[in-house]
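Survey of secondary and tertiary structure
If you want the building blocks of each chain, they are given just below.
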Amino acid sequence: MTTYDVLVAGAGPAGAATAAYFARQGFHTLMLDRHTFPRDKICGDAVTSGAMEILVGLGMKEAILKAAAEQLFYPIDSIRLLSPKGYQLDTPVNDSHKEVRTYIAPRLHFDNLVYEGALAAGVEFQQGAVQGVVRENGRAAALTVKTAEGTQTIAGRLIIGADGVTSAVARDLRQGQTFTDNHRAIALRAYLTGLDIIPGGVEFYMYDEILPGYAWIFPTAANQVNIGLGMRLDIYRGQKSKTTLNQLLDHFLSLPAIKPRLQPGYTLEGVATWQLNMGSQTNLPYAFDNALLVGDAAGFINPLTGGGIHNALISACLAGEVGTAALKANDTSAAALKRYEKLCYQQLSKDMIRSYRLQYIMLHFPFVIDWLVRRMGANSRFAQTFIAKL
Ligand SMILES: Cc1cc2nc3c(=O)[nH]c(=O)nc-3n(C[C@H](O)[C@H](O)[C@H](O)COP(=O)(O)OP(=O)(O)OC[C@H]3O[C@@H](n4cnc5c(N)ncnc54)[C@H](O)[C@@H]3O)c2cc1C
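We now turn to the structure provided with this report. (Residues numbered from 1 in each chain as written. Predicted model: local features only at pLDDT ≥ 70, side-chain atom pairs only at ≥ 80, totals over all residues. Heavy atoms only, no water.)

Before going further, it helps to examine the overall build of the chain. Tallying secondary structure elements over the chain gives twelve helices and 18 strands in all. Over its C-alpha trace the chain gives a radius of gyration of 21 Å, about what one expects of a compact globule, namely 21 Å for 390 residues. Along the first, second and third principal axes, the C-alpha atoms of the chain reach 60 × 45 × 40 Å. Within the chain, the proportion of its 390 residues that are buried is 58%. At a minimum sequence separation of 6, the contacts of the chain that also span at least 24 residues come to 75%. (Helix = DSSP H or I, 4+ residues; strand = E, 2+ residues; numbered from the N terminus. Rg over C-alpha atoms; globule rule 2.2 N^0.38 Å. Buried < 20%, exposed > 50% of the residue type's maximum accessible area, 1.4 Å probe, protein only. Contact = heavy atoms within 4.5 Å.)

Here's what the structure looks like:
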């Protein structure tokens, strides 16, 4: 049986970027996913220039520029924020001068780009559904994987759980510890054709029915937008009205700021919901004997914006950095890998704890958001936060 240096469960952005990092360091790396690529992922599709820059560092610049030139990715240069009382703030996105920009990058194309970038870096791929972690002397040693040929056991010196919010690897390694509903969210996204857009502009709507969540309009093309909304799970479940996400979307489409912009015969496609685990809950481990969790499997979604791709890529690089040192030193014990948790805390969690405080303000003192939107200038940090924290 082959023992890979690195075995990555999940080939989404977190898994493919982590696998690419290790392969570029010369490690024999296998990435597993239950789907073949290209595949869709329910998402707002907003990818910051910071996230794109990480991919440039992993050798994917040409592919990003090609996707942008082919108009698969839609560049963003402004943000509109609507506060609970309807105050409006328009502000530029200050990265138009950069080689890679903030884009609305439909996940069908974006994830395939990162996946192909990983293959180009030398990563091997196998389709299969990871079922769990095999332990040897208490250490993660292999994954059981259900493939078309049957169930296999695949061994790795280092195992990376990058299998998203429903991670089988995290479930096994965390032994039942999980996120509480106040650090989870549920969200709906759809593709709407036939809405007058703000060219190059993303829109965030904060209003009472869904606070501290928000609704978004992210253009993917001149006549198509990714539209959706998200709510904190405890608040969604606690609604007396039991309004569903689909009904909330209908309410959003009938708001005075949206309804007049809908063209006759507009269509909604790809309406789907998915869940999010927020990085503001910090009592869960990410580093184990021979294993690390990255991206949504770890739970690195920003509680304010629901953005997780940039954080997934940051965690991929941190896992690559710490994992490379551990593999070279032939010590992949939890003690050696703990540095990953420290770096994640410094570079990700601290910021998400701050975002959770801002979310608390949005929930309990929504007039503060009205005040911020009314009083802050177009270049306010508050407005930029929404893009920067995606
Ligand atoms: C409605 C919605 C809107 C969002 N909008 C944005 C946004 O606009 N911008 C942003 O930055 N973030 C957004 N997010 C968050 C973002 O989608 C995630 O943070 C991001 O996808 C994390 O990447 P990942 O690679 O960790 O996980 P994923 O993208 O979920 O990838 C996980 C991969 O693992 C595979 N997998 C899962 N289980 C198994 C298994 N058992 N065996 C094998 N493979 C498996 C899956 O097929 C998938 O390919 C949104 C999330 C939602 C739900």
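With that out of the way, let us pick up the environment of Met278. Position of Met278 relative to the elements: it lies in the loop between β16 (262-277) and β17 (287-288). Met278 gets classed as buried once you look at its relative accessible area, which sits at 4%. In this structure the C-alpha to C-alpha distance between Met278 and Thr180, which are 98 residues apart in sequence, comes to 9.6 Å. Excluding anything up to four places from it in sequence, Met278 contacts Phe179, His183, Arg184, Ala185, Gly299, Ile301, Asn302 and Pro303.

Glancing now at helix α4 (residues 107-120). Here α4 contains 14 residues, and its C-alpha end-to-end distance of 19 Å stays within 8% of the 20 Å for a straight helix at 1.5 Å per residue. Every buried residue of α4 is accounted for by Arg107, Phe110, Asp111, Asn112, Leu113, Val114, Tyr115, Gly117 and Ala118. (Expected span 1.5 Å × (residues − 1).)

Moving on: the sheet that holds strand β4 (residues 74-75). Taking strand neighbours across the sheet as the criterion, the three strands line up as β3-β7-β4 in an open arrangement whose pairing is antiparallel. Two strands lie at the open edges of the sheet, namely β3 (46-47) and β4, each paired on one side alone. Across two bridges, β4 lies against strand β7 (residues 103-104) in antiparallel orientation. The residue bridging Tyr74 from the neighbouring strand is Ile104, located in β7. (Pairing = 2+ DSSP bridges.)

The next subject is the sheet that holds strand β14 (residues 214-221). Taken in spatial order, the seven strands of this open sheet run β6-β5-β13-β14-β15-β12-β16, and their pairing is mixed. Both outer strands of the open sheet, β6 (88-92) and β16, are each paired with one neighbouring strand and no more. Within the sheet, the average angular offset between the axes of one strand and its neighbour, ignoring direction, is 20°. Across nine bridges, strand β12 (residues 184-195) lies against strand β15 (residues 224-232) in antiparallel orientation. Within β15, the residue paired with Ile186 across the bridge is Met231. (Axes fitted to C-alpha atoms, helices over the stretch in contact; angles between N-to-C directions.)

Of the consecutive residues Phe37 and Pro38, the connecting peptide bond is found in the cis state with omega at 0°. Of note, the amide linkage connecting Leu211 to Pro212 takes the cis form, showing an omega dihedral of 5°. Backbone geometry places Gln71, a non-glycine residue, at a positive phi of 60°. By the secondary structure assignment, Gln71 is in the loop between α3 (61-69) and β4. A positive phi angle is found at Asn330, which is not glycine, with a value near 55°.

Moving on: the pairing of β14. Judged by how many residues are buried, β14 sits mostly within the fold: seven of eight residues are covered. Where strand β13 (residues 201-205) and β14 come together, three bridges link them in antiparallel fashion. Bridged to Tyr205 within β14 is Ala215. Where β14 meets β15, seven bridges bridge the pair, whose relative direction is antiparallel. Each residue of the ladder has a partner; that of Ala215, found in β15, is Leu229. Between β14 and β15, which pair antiparallel one after the other, the connecting turn spans two residues.

Looking now at the side chain of Gln281. Turning to its location among the elements, Gln281 is positioned in the loop between β16 and β17. One polar contact links the side chain of Gln281 to the main-chain carbonyl oxygen of Thr178, over a distance of 3.1 Å. With sequence-adjacent residues up to four places away left out, Gln281 is seen in contact with Thr178, Phe179, Thr180, His183 and Tyr286. (Polar contact = N/O pair within 3.5 Å; in protein donor to acceptor, adjacent residues only side chain to side chain.)

Ranked by internal contacts, the top residues of the largest apolar core, which has 77 residues, are Met31, Met52, Phe110, Leu143, Ile160 and Tyr340. Looking at which element gives the most residues to this core, the answer is helix α9 (residues 309-328), with ten residues. Residues contacting Met52, with those up to four places away along its chain left out, are Val47, Ile64, Phe73, Val100, Arg101, Tyr103, Ala105 and Phe110. Membership of the second largest hydrophobic core comes to 49 residues, among which are Ala185, Ala190, Leu253 and Met278. (Core = buried A, V, L, I, M, F, W, Y, C linked by side-chain atoms within 4.5 Å.)

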